[in-house]
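Examination of the molecular architecture
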Amino acid sequence: MKQRNPRLRILMHVVTALYGLACLWLFYKQSVAVLSDLGASPYQSDLPLHISMIIEDGWYYSFTAFAYKLLHILFGKTTIGIALFLGVMAYGTIYATEALVCHLGRMQEKSWYSLLLSLSLNLVMPVYIRSVGAYRYVSYQAPNVWHNSTYVCMKLFALLTFLTYLKLEEKYREGITLKEWCIFAGLNIICTGIKPSFLLAFSPVMGIFLLVDLFRKVKFTRILAFGSALLPSGLVILWQNMVLFGDDTGNGIAFDPWYTFSLHASVPKLAVLCSALFCGVVIVFTLKDVVKEKQYLFIICMAALGFLEALCLTEQGNRAVDGNFLWGYSFCLFVLFTVCAVKWLKMPRKGAGLAAKLGLAVIYCWHLYCGLYFFISLVGGASYWMQ
């Protein structure tokens, strides 16, 4: 697709910058918010707890901890640097999303509408129906999260990692260079060090697809070279496992289907449907493409695995109700929304195809409205527990 209107592209850059500034304001207000034990409080988020665990307790559970510690010192022991860092992460995520949109849509040139779509994808939220789940975020599974700083950072690097994988997957049969291997391995290390959720959903699916390639007579040395880029991030997982689930922590992992999904939803199964309504309908209309397009199939498989992990696994101990296995599914859901949005825009504009496309536009706008309402409320001081 060719860029048809450079002025509109510039306008979208401005709108994206405004989103970044809104995120900067939000993260700063979150960083200095005073949390209450009596219920929801203004600008309530996980950020004050994350900062406190690092600055006061010295508990380094994520690569972000080292960045926060350094920024806290550089900015005069204030949280301004941390808020600025997170704002840059959120702003950069829009352009990383656009790169993924253009790759999936085989767009030769970025345009105002590729940036508009990318911005909207970073704002969509579950379809909110009060009788299904009273809380706009907590009762559902959301592709976009603004209250958890490690997810904000992981999301950007997970997008870069996944995009790198998609590009290398198309050429690894002829061989990848040492530089490409190091970039892919490095991105996996950084992403996993921030939060292991992406790797837990991504790596098994990549392994299965590589195994299929082995049966299709792809050279084992090529498969080994590509797959080995994940091994260094496995060492990071071991470090995180010791910090989070060591013998002295009292924490563990349990198999308990529907436990997390049922904590705050009145009708958990419908909450799952509302969280991915647009994606589910698009997949139904494009089933024939699933088996034909490898990248589409990969994303659906990754989303399915992320869903099963979030559905069935929970932590034991003092984090049992935190739903930390939801983070991987949240990112998978975000990528699923992205590929489904690309498929939606490519649907026919005639007859039944046009009717389906218009119907999907209504559903997408419903997701977007719920997301805009939620985000604007957060920027205005609402807690992520808002109804």
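Bear in mind that the values here come from a model prediction, so they are computed numbers and not experimental data.

Observations concerning the side chain of D46
Within the secondary structure layout, D46 lies in the loop between α1 (6–31) and α2 (47–55). Among buried charged residues, D46 stands out as having no salt bridge; its nearest opposite-charge side chain is K195, 6.9 Å away. In terms of polar contacts, D46 uses its side chain to reach the side chain of N148, at 3.0 Å. If we ignore the near neighbours within four places in the chain, the residues touching D46 are H147, N148 and Y384.

Points about helix α4 (residues 80–104)
The first and last C-alpha atoms of α4 sit 36 Å apart over 25 residues, in line with the 36 Å expected at 1.5 Å per residue. Among the 25 residues of α4, 18 are classified as buried, and the element is accordingly described as predominantly covered.

Side note on the packing of aromatic side chains
Counted by the stated rule, this structure contains 34 aromatic pairs. Geometrically, the ring pair formed by F162 and Y165 is stacked, given 6.3 Å between the ring centres and 25 degrees between the ring planes. One end of the pair, F162, and the other, Y165, are both in helix α6 (residues 149–169), three residues apart, so they sit about a helical turn from each other. By relative accessible area, which is 0% here, F162 ends up buried. Judged by centre distance (6.2 Å) and plane angle (40 degrees), the rings of Y369 and Y373 are tilted. Taken together, the positions of Y369 and Y373, both in helix α16 (residues 351–379) and four residues apart, correspond to about one turn of that helix. What makes Y373 partly exposed here is its relative accessible area of 38%. Within the aromatic cluster, the residues linked to one another by ring pairs are F162, Y165, Y172, F184, F198, F202, F209, F226, F298 and F331. The ring of F334 carries K155 above its face, with NZ or CZ at 4.2 Å from the centroid. A cation sits over an aromatic face here: K269 above W258, 4.6 Å from the ring centre.

Comments concerning the nonpolar core
Judged by nonpolar contacts, the single largest core of 117 residues is most densely connected at W146, F162, Y165, F202, F278 and L336. Looking at this core element by element, the count peaks at 15 residues for helix α15 (residues 326–345). Ignoring sequence-local partners within four residues, the contact set of L336 consists of C279, I283, I299, I300 and A303.

Examining the environment of E169
Relative to the helices and strands, E169 is located in helix α6. Accessibility expressed as a relative area gives 9% for E169, which makes it buried. C-alpha separation for the pair E169 and L235, spaced 66 residues apart in sequence, amounts to 23 Å.

Some points on the pattern of salt bridges
Between side chains of opposite charge, pairing is possible as soon as their charged atoms come close. Under the criterion given, the structure shown has nine salt bridges. Two residues, E169 and R173, come together in a salt bridge whose shortest N-O distance is 2.5 Å. On the accessibility criterion, R173 (28% relative accessible area) is partly exposed. With its nearest N and O atoms 3.3 Å apart, the salt bridge here joins K294 to D213.

Considering the confidence of the model for the chain
Mean pLDDT over the chain works out to 92, with 96% of the residues at or above the 70 mark. Mean pLDDT across the elements of the chain ranges from a minimum in helix α10 (residues 231–245), with 81, to a maximum in helix α11 (residues 268–275), with 98.

Here's the deal with the environment of G92
Secondary-structure assignment places G92 in helix α4. Sequence separation of G92 and V236 is 144 residues, and the distance between their C-alpha atoms is 24 Å.

With respect to empty space enclosed by the protein
Across all of its chains, the model carries four cavities of 30 Å³ or more by this definition. What lines the largest cavity is simply Y19, F27, M89, A90, T93, N122, N144, V145, W146, Y151, V152 and K155. Those elements that place two or more of their residues in the lining of the largest cavity are α1, α4 and α6. Of the residues contributing to the lining of the largest cavity, the split by class is eight nonpolar, three polar and one charged.

Basis of the calculations
- Residues numbered from 1 in each chain as written.
- Predicted model: local features only at pLDDT ≥ 70, side-chain atom pairs only at ≥ 80, totals over all residues.
- Heavy atoms only, no water.
- Helix = DSSP H or I, 4+ residues; strand = E, 2+ residues; numbered from the N terminus.
- Buried < 20%, exposed > 50% of the residue type's maximum accessible area, 1.4 Å probe, protein only.
- Lys, Arg positive; Asp, Glu negative; His and termini not counted.
- Salt bridge = Lys/Arg side-chain N within 4 Å of Asp/Glu carboxyl O.
- Polar contact = N/O pair within 3.5 Å; in protein donor to acceptor, adjacent residues only side chain to side chain.
- Contact = heavy atoms within 4.5 Å.
- Expected span 1.5 Å × (residues − 1).
- Phe/Tyr/Trp six-rings, centres within 6.5 Å; stacked < 30°, edge-to-face > 60°.
- Lys NZ or Arg CZ within 6 Å of the ring centre and 35° of its normal.
- Core = buried A, V, L, I, M, F, W, Y, C linked by side-chain atoms within 4.5 Å.
- pLDDT = per-residue confidence, 0-100.
- 1 Å grid on protein atoms, 1.4 Å probe; cavity = no way out; pocket = protein on both sides within 12 Å on 5 of 7 lines; lining within 4 Å.
- Points joined across faces, edges and corners; volume = space filled by probe spheres on them.
- Nonpolar A, V, L, I, M, F, W, Y, C, P; charged D, E, K, R; others polar.

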